[in-house]
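Residues per chain, in single letters:
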Amino acid sequence: MEENPVNIFVMNCDVCCSFPLSDMLAAHLKYKGIGTLLVKKVSAESASEFGEIVADAETGELLHYAEKPETFVSEWINCGVYIFTPEIFLAIQGVASERNNHGTLRRVSSFEALHFTTKSTQADFVRLDQDILTPLAGKRKLYTYETQDFWEQIKTPGMSLKCSSLYLAQYRLTAPDLLAKGDKSNSAKFVGDVYVHPSAKIHHTAKVGPNVSISGSARIGPGVRLIGCIILDDVEIKENALISHSIVGWKSIVGRWARVQGVGDYTAKLGITILGEDVQVEDEVVVTNCIVLPHKTLNLSVHDEIIL
């Protein structure tokens with residue numbers, strides 16, 4: 001609350017979207033409520049995985065909110081991006097105070113008493129969705145703003161790759177100058193949406209894309225093929241290696257003719273390959289659908305493993 005803000009943005013850390021904050025703010029100021037939620041229409045089958053909302057089609061008012069309901073409520077979901085006025089803290093304080101007052105009156109079971117010092121009690125925190133949004137719905141205090149753009153939750157490692165591809169596609173519309181262009185005779189061949197940091201070095205015989213992001217000071221050798229991957233800072237990919245559906249961590253080295261690859265199942269636990277920081281994959285080694293923790297050297301081919 002420093003400098004007395006008029007409005008406060010709150011965003012879940014696992015959300016991937018275009019974040020239309022300016023448009024949300026304009027709608028929020030028009031509504032004159034204490035909060036505005038970013039919402040999106042999804043399929044009825046997937047809606048129950050999120051907070052489902054019912055809103056007035058004309059006014060945008062939030063009429064009903066149910067967090068991951070067991071029965072179908074609506075195809076509209078909460079996207080985890082909010083604008084609140086400072087009045088939201090009064091609502092939080094009210095919930096906390098009510099719980100504390102209730103806690104002094106209720107009987108404590110022997111089980112609760114036994115675990116009191118090691119377990120968090122209900123009054124230790126306030127849940128934004130169940131404790132704030134649900135009771136305030138239908139009271140002309142909360143409103144909704146619909147996004148037509150992409151929206152995903154990053155719930156698995158593989159979703160990082162999918163979200164990267166979504167942002168690269170957005171660059172095509174909003175910042176096309178950020179995408180690599182293979183329009184010089186001595187440049188690498190780029191396919192689809194590719195981002196290359198200005199300090200990265202790519203051999204002109206490499207082929208990169210689609211959906212590839214290459215970070216600072218990365219070195220991509222002759223004949224390398226990169227597909228659907230994220231290459232982080234100071235990575236070296238040696239000649240004729242292939243990286244597909246993978247994230248290669250900082251300062252890692254992939255040897256000659258090596259393959260670091262995944263099947264590209266973004267929802268699976270091991271649907272992609274992730275190399276942690278400073279991992280060395282030796283020449284001709286194949287790594288498939290693995291998560292490799294930092295500072296490891298792989299001199300044998302591995303697949304479907306978590307390497308500690």
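Since we're looking at a predicted model, the values are computed, not measured. (Residues numbered from 1 in each chain as written. Predicted model: local features only at pLDDT ≥ 70, side-chain atom pairs only at ≥ 80, totals over all residues. Heavy atoms only, no water.)

Asker: Help me out: how do you make sense of the environment of Asn-240 in this one?
Answerer: Examined against the element boundaries, Asn-240 turns out to sit in the loop between strand E17 (236–237) and strand E18 (242–244). For Asn-240, a relative accessible area of 29% gives the class partly exposed. Sequence-wise, Asn-240 and Tyr-82 are 158 residues apart; in three dimensions their C-alpha atoms are separated by 47 Å. (Helix = DSSP H or I, 4+ residues; strand = E, 2+ residues; numbered from the N terminus. Buried < 20%, exposed > 50% of the residue type's maximum accessible area, 1.4 Å probe, protein only.)

Asker: Even after reading the chapter, I still don't get the UniProt feature "domain: Nucleotidyl transferase" (unreviewed entry) in the protein, so can you show me in this structure?
Answerer: Mapped onto the present numbering, the UniProt feature "domain: Nucleotidyl transferase" (unreviewed entry) falls at residues 4–99. Here residues 4–99 runs as 28% helix and 35% strand, with 28 Å between its end C-alpha atoms. (UniProt positions renumbered as here; feature names shortened; annotations may be inferred.)

Asker: Please clarify how the packing of aromatic side chains should be interpreted in this entry.
Answerer: This structure, assessed with the given rule, holds 4 aromatic pairs. Considering the side-chain rings of Tyr-82 and Phe-84, the 5.5 Å spacing of their centres and the 15 degrees angle between planes classify their relative orientation as stacked. Take Tyr-82 and Phe-84: they sit in the same class, and that class is buried. (Phe/Tyr/Trp six-rings, centres within 6.5 Å; stacked < 30°, edge-to-face > 60°.)

Asker: Just to check I follow, could you spell out helix H1 (residues 21–31) for this structure?
Answerer: In an α-helix, one full turn covers 3.6 residues, which means residues spaced three or four apart are oriented alike. Inspection of H1 places Met-24, Ala-27, His-28 and Tyr-31 among the buried residues, and these make up the whole buried set. All buried residues of H1 project into a common sector of 105 degrees when viewed along the axis, lining one side. Along H1, the residues that are exposed and aim more than 90 degrees away from the buried face are Ser-22 and Lys-30. Looking at the buried positions of H1, the neighbouring elements they touch are strand E3 (35–41), strand E6 (76–84) and strand E7 (142–146). (Arc of directions from axis to C-beta. Contact = heavy atoms within 4.5 Å.)

Asker: It is not clear to me how the pattern of salt bridges should be interpreted in this structure. Could you clarify?
Answerer: Side chains bearing opposite charge may pair, as long as their charged atoms lie close to each other. As enumerated under the stated definition, the model contains 9 salt bridges in all. For Lys-155, the salt bridge is made with Asp-14, and the minimal N-O distance between the two is 2.9 Å. Here Asp-14 lies in the loop between strand E1 (8–11) and strand E2 (15–17) and Lys-155 lies in the loop between strand E8 (151–153) and helix H6 (157–174), a separation of 141 residues in the sequence. Residue classification places Lys-155 among the exposed residues on the basis of a relative accessible area of 56%. Overall, the relative accessible area of 16% leaves Asp-14 in the buried class. (Salt bridge = Lys/Arg side-chain N within 4 Å of Asp/Glu carboxyl O.)

Asker: In this structure, what is going on with unusual backbone geometry? I would like to understand it.
Answerer: When glycine is set aside, most residues are seen to have a negative phi, and most peptide bonds are trans. Cis rather than trans, the peptide bond between Gly-209 and Pro-210 has omega equal to 0 degrees. One non-glycine residue, His-295, lies in positive phi territory at about 65 degrees. Along the polypeptide, His-295 turns up in the loop between strand E25 (291–292) and strand E26 (297–298). Taking relative accessible area as the criterion, His-295 reaches 54% and is therefore assigned exposed.

Asker: What is the right way to read the nonpolar core from this model?
Answerer: Soluble globular proteins: nonpolar side chains tend toward being buried together. Core analysis: the largest hydrophobic core is formed by 32 residues, its most contacted members being Ile-214, Leu-226, Ile-231, Ile-243, Val-254 and Val-281. Elements supplying a minimum of two residues to this core: strand E10 (194–196), strand E13 (212–214) and strand E16 (229–231). Once residues within four sequence positions are removed from consideration, Ile-243 is found in contact with Arg-225, Leu-226, Ile-227, Cys-229, Ile-231, Ile-237, Val-248, Val-254 and Val-260. Val-15, Cys-17, Leu-38 and Trp-151 belong to the second-largest nonpolar core, a separate cluster that totals 16 residues. (Core = buried A, V, L, I, M, F, W, Y, C linked by side-chain atoms within 4.5 Å.)

Asker: I'm lost on the pairing of E7 in this one. Help?
Answerer: Within a regular strand, side chains alternate between the sheet's two faces. Of all 5 residues making up E7, 4 are buried, and the element is well covered by its neighbours. Taken together, the 5 bridges between E3 and E7 define a ladder with parallel strand orientation. Looking at the pairing, Thr-36 lines up with Tyr-143 of E7. (Pairing = 2+ DSSP bridges.)

Asker: Looking at this model, I keep getting lost on the sheet that holds E16. Mind explaining?
Answerer: Read across the sheet, 7 strands follow the order E10-E13-E16-E19-E22-E25-E28 without closing on themselves; strand pairing throughout is parallel. Both edges of this open sheet fall to E10 and strand E28 (306–307), since each of them pairs with a single strand only. Note that E10 and E13 share 3 bridges and pair parallel. Paired with Val-194 across the bridge in E13 is Val-212.

Asker: Where do I start with the sheet that holds strand E9 (residues 189–190) in this structure?
Answerer: The strands making up a sheet associate through backbone hydrogen bonding, with each pair oriented either parallel or antiparallel. Within the open sheet, the 7 strands sit side by side as E9-E12-E15-E18-E21-E24-E27. Their pairing is parallel. With one partner strand each, in any of the chains shown, E9 and strand E27 (302–303) form the two edges of the open sheet. The pairing of strand E24 (residues 286–288) with E27 spans 2 bridges and is parallel. Counted as the bridge partner of Thr-288 is His-303 from E27.

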